[in-house]
Amino acid sequence: MNDLWTTFSAAIGQLLSGDPELWGIVGVSFSVSVSALLIALLPALTTGFMLAYFRFPGRWAAISVLNSLLAVPTVVVGLVLYMLLSRAGPLGDLNLLFTRPAMIIGQILLCFPLLVAMSLSAFQAADHRVLETAKTLGANPWQAFVTLLFEVRFALLAAVVAAFGRIIAEVGSAMMVGGNILHHTRNITTAIALETGKGEFVQGVALGIVLLVLALVLNVSLGWMQSYSRVLRHGA
Amino acid sequence: MNYLPLLLIRFVLATVMIIVLALVSGRALADSIRLATTTSTYNSGLLDYLLSHYAKVSDTGVQVIAVGTGKALKMGENGDVDLVMTHAPNAEARFLDQGFGIEAQGVMFNDFVIVGPEDDSAKVSAADTVTDGLLLIAASNKRFISRGDDSGTHKKELQLWQHLGTLPTFKGYLESGRGMGHSLQMASEMGAYTMTDRGTWLALQDKLALRLVLESDPRLINSYQVILVNPTRHPHVNIDSARKFAQWLVSSEGQEVIGNFRINGEVLFVPAAKPPAR
């Protein structure tokens, strides 16, 4: 398997040489996925909070729909969005197809259900006394929400990491609504798909390494923060 | 815990800024056009080569979307791109007849070839014509990878089967549903035959365990046309810049660049501002 090793070391070399095209592709992935996550985060947390703390008709239906949305394939999201954003579709006048904002919208749709579902279970697992104490101390609903957010911050962080992992690694929606245009909408995953088609495995491997290192860093830092907070609490 | 609301405000501001940046960066180029073209021109490296030369004479950014011919024409029909460069004469004629495109011009041609496993177990290289070759593959029930994606190459291959009067229903006939590069690699991994344009074959052959088994049949000519998306139907298309690019492609300068594009010293595409007389 000499070939495998040659490819791998060439990929490391390409990463270290600071190849601008390669890092530009990484930049597209990050700007799209971070934007999608930031836009989706607050609405998703609010939705999760409301589903956890308010009883209203249709609540269970809403939760069931959300949980089913977790399983929606990325290509289906891409397909629906493509039809909506195409010039021939209802939102064609926005001129968004094959742009980064289109990719961002696709990824928002993909991470929103995940963020809601994971924050919902975080809020449900939280100690109800936190909220009651906050209310007794005269907190308005917004302050109570913020207090609770702080209380379950690590579970929420885990939700954010999971959501980021889902969208930065997805290829279906990005390929369809982004179009894989160099310097514009070519991100890590669509580039890997393209380079493999050209038989250029080196760049594909290099980009794959970026994704793996990213996953490792995110999860290690999450674990570190959690254990650090435990030490703090026990110390106090 | 007073700092949390502050954090939230900062977070919202940052979000807004990122959205604005994302929207702006998508339109950063002063002038740009979108070209839907085939995976054969892209995977061979021709498009990158052409665009690096076009960048010297024009400020227009050309954004390339590489898909099969069928999909490229569909994008033109919907007005999602400004121009297309494809290689399926019949489908292109329909596209023009229905008023989706205007000003079609022949740009270049090359030819299709049949490639297969090193041992050529179906003895295709002994065949005189491409139809005989395909019959040999079908008769010996060897594996044949079809693109199966409504691309120009796929349309051509189906025409050849049609010409034989049979549908490719033998068990070894597999549809990859992917681009030319992926399909060639599948054929290489599986020891299968496939039909490819010569450009992609020359660009990839060093990485494949395949060899050329059949070529030079007049039926295998593969010509590329550039077509502008009809601005009467889609007023938003960037017709002026698209026309300039198309005219550059067929100009003596653009044609020279196409003729100069070589891999391992071999010409991949023959410039043909007028389509070959066949």
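Scoring rules and cut-offs
Residues numbered from 1 in each chain as written. Chains lettered and ligands numbered in written order. Predicted model: local features only at pLDDT ≥ 70, side-chain atom pairs only at ≥ 80, totals over all residues. Helix = DSSP H or I, 4+ residues; strand = E, 2+ residues; numbered from the N terminus. Buried ≥ 20, exposed ≤ 12 C-beta atoms within 10 Å, placed from the backbone. Contact = placed C-beta atoms within 7 Å. Expected span 1.5 Å × (residues − 1). Pairing = 2+ DSSP bridges. Core = buried A, V, L, I, M, F, W, Y, C linked by C-beta atoms within 7 Å. Domains from an automatic or database assignment. Axes fitted to C-alpha atoms, helices over the stretch in contact; angles between N-to-C directions. Parallel < 35°, antiparallel > 145°, perpendicular 65-115°, else oblique. Left-handed = near helix turned anticlockwise from the far one by under 90°. Nonpolar A, V, L, I, M, F, W, Y, C, P; charged D, E, K, R; others polar. pLDDT = per-residue confidence, 0-100.

Helix and strand counts for chain A stand at 11 helices and zero strands. Helices and strands appear in chain A in the N-to-C order α-α-α-α-α-α-α-α-α-α-α. Over its C-alpha atoms, taken along the principal directions, chain A stretches across nearly 65 × 55 × 25 Å. Evaluated residue by residue, chain A yields a buried proportion of 40% over its 236 residues. Counting contacts in chain A only where the partners sit at least 6 residues apart, residues at least 24 apart contribute 74% of the total.

Right, let's talk about the overall build of chain B for a bit. The helix and strand inventory of chain B stands at 11 helices and 12 strands. Across the 278 residues that make up chain B, the buried fraction comes to 46%. Considering only intrachain contacts with a sequence separation of at least 6, the fraction spanning at least 24 residues in chain B is 76%.

Right, let's get into the environment of phenylalanine 123 of chain A. Residues and elements named next belong to chain A. Mapped onto the secondary structure, phenylalanine 123 falls in helix H5 (residues 100–125). Assessed through the 23 C-beta atoms surrounding it within 10 Å, phenylalanine 123 is described here as buried. The spacing of phenylalanine 123 and phenylalanine 145 is 22 residues in sequence and 10.0 Å in space, taken between C-alpha atoms. Those residues within four positions of phenylalanine 123 in sequence are excluded, and the remaining contacts are Gly48, Phe49, Ala52, Tyr53, Leu148 and Val152.

Bringing helix H7 (residues 152–164) of chain B into the picture now. Here H7 of chain B spans 19 Å end to end across 13 residues, near enough to the 18 Å set by a 1.5 Å rise per residue. Those residues of H7 of chain B not exposed but buried are Gly152, Thr153, His154, Lys155, Lys156, Glu157 and Leu160 of chain B.

This brings us to the pairing of strand E4 (residues 101–117) of chain B. Residue and element names in this part refer to chain B. Note: E4 against strand E9 (residues 221–229), eight bridges, orientation antiparallel. Looking at the pairing, glycine 101 lines up with valine 229 of E9. Where E4 lies against strand E7 (residues 193–197), four bridges are found, and the strand directions are antiparallel. Opposite valine 113, over in E7, you have threonine 196 as the bridge partner. As paired elements, E4 and strand E8 (residues 210–214) share four bridges and run antiparallel to each other. Of the residues in E8, the one forming a bridge with proline 117 is leucine 210.

Here we take up helix H8 (residues 180–190) of chain B. Residues and elements named next belong to chain B. Within H8, eight of the 11 residues are buried, which leaves it mostly tucked inside the rest of the structure. Regarding H8, the residues found buried are Met180, Gly181, His182, Ser183, Leu184, Gln185, Ala187 and Ser188. Of the residues trailing H8, glycine 191 is marked for its positive phi of about 65°.

Right, let's talk about unusual backbone geometry for a bit. Residue and element names in this part refer to chain B. The phi angle at asparagine 141 is positive, at roughly 55°, despite the residue not being glycine. With respect to the helices, strands and loops of the structure, asparagine 141 is situated in the loop between helix H6 (130–139) and strand E5 (144–146). The backbone of asparagine 264 sits at a positive phi, close to 50°, despite the residue not being glycine.

Next up on the list: the nonpolar core. Core analysis: the biggest nonpolar cluster contains 129 residues, and Leu37, Ala40, Cys111 and Leu115 of chain A together with Leu83 of chain B have the highest contact counts within it. Among the elements that take part in this core, H5 of chain A stands out by supplying 17 residues, more than any other. Looking at which domains feed residues into this core, each of domain 2 (29–110 + 222–271) and domain 3 (111–220) of chain B supplies at least three. Setting aside residues up to four positions removed in sequence, cysteine 111 of chain A forms contacts with Ala36, Leu37, Ala40, Ala163, Arg166 and Ile167 of chain A.

Our focus in this paragraph is the pairing of strand E2 (residues 61–67) of chain B. Residues and elements named next belong to chain B. When you tally the buried positions in E2, you get six out of seven residues, the bulk of the element. Where strand E1 (residues 32–38) and E2 come together, seven bridges link them in parallel fashion. Residue threonine 37 lies in a different strand from E2, and its bridge partner there is alanine 66.

Moving on, we get to the packing of helix H3 (residues 59–69) of chain A against H5 of chain A. All names here are of chain A. Close contact between H3 and H5 brings their axes to 8 Å; oriented N to C, the two are set at 125°. With respect to their mutual orientation, H3 and H5 come out oblique. The two elements H3 and H5 cross, and the hand of that crossing is left-handed. Mapping the contact onto sequence places Leu66, Asn67 and Leu69 in H3 and Pro113, Val116 and Ala117 in H5. Looking at the contact of H3 with H5 residue by residue, the class counts come to five nonpolar, one polar and no charged.

Residues and elements named next belong to chain B. Counting all residues, the mean pLDDT for chain B is 86, and 87% of those residues have values of 70 or more. Within chain B, no element has a lower average pLDDT than helix H1 (residues 3–26), which sits at 59, and none a higher one than strand E3 (residues 83–86), at 94. Interface confidence in the predicted complex, given as ipTM, is 0.73; pTM for the same model is 0.79.

The subject of this paragraph is the environment of alanine 71 of chain A. Looking at the element boundaries, alanine 71 of chain A is found in the loop between H3 and helix H4 (74–85). As a C-alpha pair, alanine 71 of chain A and leucine 16 of chain A span 55 residues in sequence and 37 Å in three-dimensional space.

The next subject is the environment of threonine 185 of chain A. All names here are of chain A. Along the polypeptide, threonine 185 turns up in the loop between helix H9 (172–178) and helix H10 (188–197). Take threonine 185: there are 23 C-beta atoms within 10 Å of it, and that puts it in the buried class. Separated by 11 residues in sequence, threonine 185 and threonine 196 have C-alpha atoms that sit 18 Å apart. Other than its neighbours up to four places away in sequence, threonine 185 contacts Val28, Phe98, Thr99, Arg100, Met103, Gly178, Gly179 and Asn180.

All names here are of chain B. Look at H6 against H7: their axes get within 10 Å of each other, and the N-to-C directions meet at 85°. Viewed along their axes, H6 and H7 adopt a mutual orientation that is roughly perpendicular. Contact with H6, carried on its side by Val130, Thr131, Leu134 and Leu135, involves Leu160, Trp161, His163 and Leu164 of H7 and no other residues of that element.

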